Amino acid sequence: MITIGLTGGIASGKSTVSAELRRLGLPIFDADAEAKLAVAKGSEGLAQVIAALGSEYLTDEGELNRAKVAERVFHDKNALKTIEAIIHKIVWARAEQFMQENRSAEKQLAVLDVPLLIECGWHKLVDSVWLVAVSRKQQIERAMLRSGMTADEVEARIAAQMSLAEKKKYADIVLDNSGTLEETLAAVHKELAQLAGDGCGEKA
């Protein structure tokens, strides 16, 4: 089985590519969704986070107070590292289970959709890294349109992430999403056909 690691910055169009791969029948591991489940109400992950931060980070309903946590980690990088370590460990365990299940089902291809694929070092654990890329101007415009954030807020989010130029150094495939949807999907189909056809996804 060849494992594709799909990544991209905020408003790059990664979700569009992921949705198309899912539509084509590829099994998709959604790291964002799994990260939310990792600290869901009553979970072991939530218990670990609360043990690290304190019970005041729980809502009255027993869920993680995400707004309060976000404020804390913005000022406390050690708290951020602690929470990330807890969540990443749980999510990676689930990713491994996902890959094992698809190998057992003799799937030819599987996708790990991970926004921080490269930052977490998970790019070393997949066979082909696919990076969805757009220009910085488009990234800002699309993020503002999608989320209602100001240009400055988007700029701050982008600045906090690894730069596109740096990410490209780790990518096997760069999908340019600056054109039309049809052009992006055509590129996805082309790269997928090549990857599935040559079977040369294994890294040394």
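Structure shown above.
Since the structure is predicted, the reported quantities are computational estimates derived from the model, not experimental observations. (Residues numbered from 1 in each chain as written. Predicted model: local features only at pLDDT ≥ 70, side-chain atom pairs only at ≥ 80, totals over all residues. Heavy atoms only, no water.)

Counted by the stated rule, this structure contains eight salt bridges. For Lys167, the salt bridge goes to Glu119, with nearest N and O atoms at 3.8 Å. With a gap of 48 residues between them, Lys167 in helix α8 (residues 164-168) and Glu119 in the loop between β3 (109-113) and β4 (128-133) connect regions that are remote in the sequence. Overall, the relative accessible area of 3% leaves Lys167 in the buried class. Residues Glu155 and Arg136 are paired through a salt bridge, measuring 2.8 Å at the closest nitrogen-oxygen approach. (Salt bridge = Lys/Arg side-chain N within 4 Å of Asp/Glu carboxyl O. Helix = DSSP H or I, 4+ residues; strand = E, 2+ residues; numbered from the N terminus. Buried < 20%, exposed > 50% of the residue type's maximum accessible area, 1.4 Å probe, protein only.)

Here β4 lies mainly inside the structure; six of its six residues are buried. Covered by surrounding structure in β4 are Ser128, Trp130 and Val132 together with Val129, Leu131 and Ala133, the residues of both alternating faces. One ladder, built from five bridges, connects strand β1 (residues 2-8) with β4; its direction is parallel. Counterpart to Leu6 in the pairing with β4 is Trp130. (Pairing = 2+ DSSP bridges.)

All right, on to the sheet that holds strand β2 (residues 28-30) then. Two modes of strand pairing occur in sheets, parallel and antiparallel, and in both the strands are linked by backbone hydrogen bonds. Reading across from one edge, β2-β3-β1-β4-β5 is the order of the five strands in this open sheet, with parallel pairing throughout. At either margin of the open sheet sits one strand with a lone partner, and together these are β2 and β5 (173-176). Strand-to-strand, the axes of this sheet are offset by a mean angle of 20 degrees, without reference to chain direction. As paired elements, β1 and β3 share five bridges and run parallel to each other. Within the sheet, the bridge partner assigned to Thr3 lies in β3 and is Ala110. Contacts from helix α1 (residues 14-23) reach β1, β2, β3, β4 and β5 within the one sheet, and its direction differs from that of β1 by about 150 degrees. Across the face of the sheet, helix α2 (residues 31-38) comes into contact with β2 and β3 while running at roughly 45 degrees to β2. (Axes fitted to C-alpha atoms, helices over the stretch in contact; angles between N-to-C directions. Contact = heavy atoms within 4.5 Å.)

Buried residues dominate β3, accounting for five of its five residues. Going residue by residue along β3, you find Leu109, Val111 and Asp113 tucked away on one face and Ala110 and Leu112 tucked away on the opposite face as well. When β2 meets β3, the two strands line up parallel, connected through three bridges. Pairing of Phe29 across the sheet is with Leu112, part of β3.

Moving on: the packing of helix α6 (residues 136-147) against helix α7 (residues 151-160). Here α6 crosses α7 at 120 degrees, and the two axes come no closer than 9 Å. By the angle between their axes, α6 is oblique relative to α7. For the crossing formed where α6 meets α7, the hand is right-handed. The residues of α7 that touch α6, namely those facing Arg136, Gln139, Ile140, Ala143 and Met144, are Ala151, Val154, Glu155 and Ile158. Classifying every residue of the contact of α6 with α7 gives six nonpolar, one polar and two charged. (Parallel < 35°, antiparallel > 145°, perpendicular 65-115°, else oblique. Left-handed = near helix turned anticlockwise from the far one by under 90°. Nonpolar A, V, L, I, M, F, W, Y, C, P; charged D, E, K, R; others polar.)

Our next topic: the side chain of Ser18. Summarising the element assignment, Ser18 is placed in helix α1. In terms of polar contacts, Ser18 uses its side chain to reach the side chain of Asp113, at 2.9 Å. With residues up to four places along the chain from it excluded, the contact list for Ser18 reads Leu6, Ile28 and Asp113. (Polar contact = N/O pair within 3.5 Å; in protein donor to acceptor, adjacent residues only side chain to side chain.)

Note on placement: Arg22 falls in helix α1. Owing to a relative accessible area of 46%, Arg22 belongs among the partly exposed residues under this scheme. Taking the C-alpha atoms as reference points, Arg22 and Val111, separated by 89 residues in sequence, lie 8.9 Å from one another.

Any functional reading would require information beyond the geometric quantities listed.
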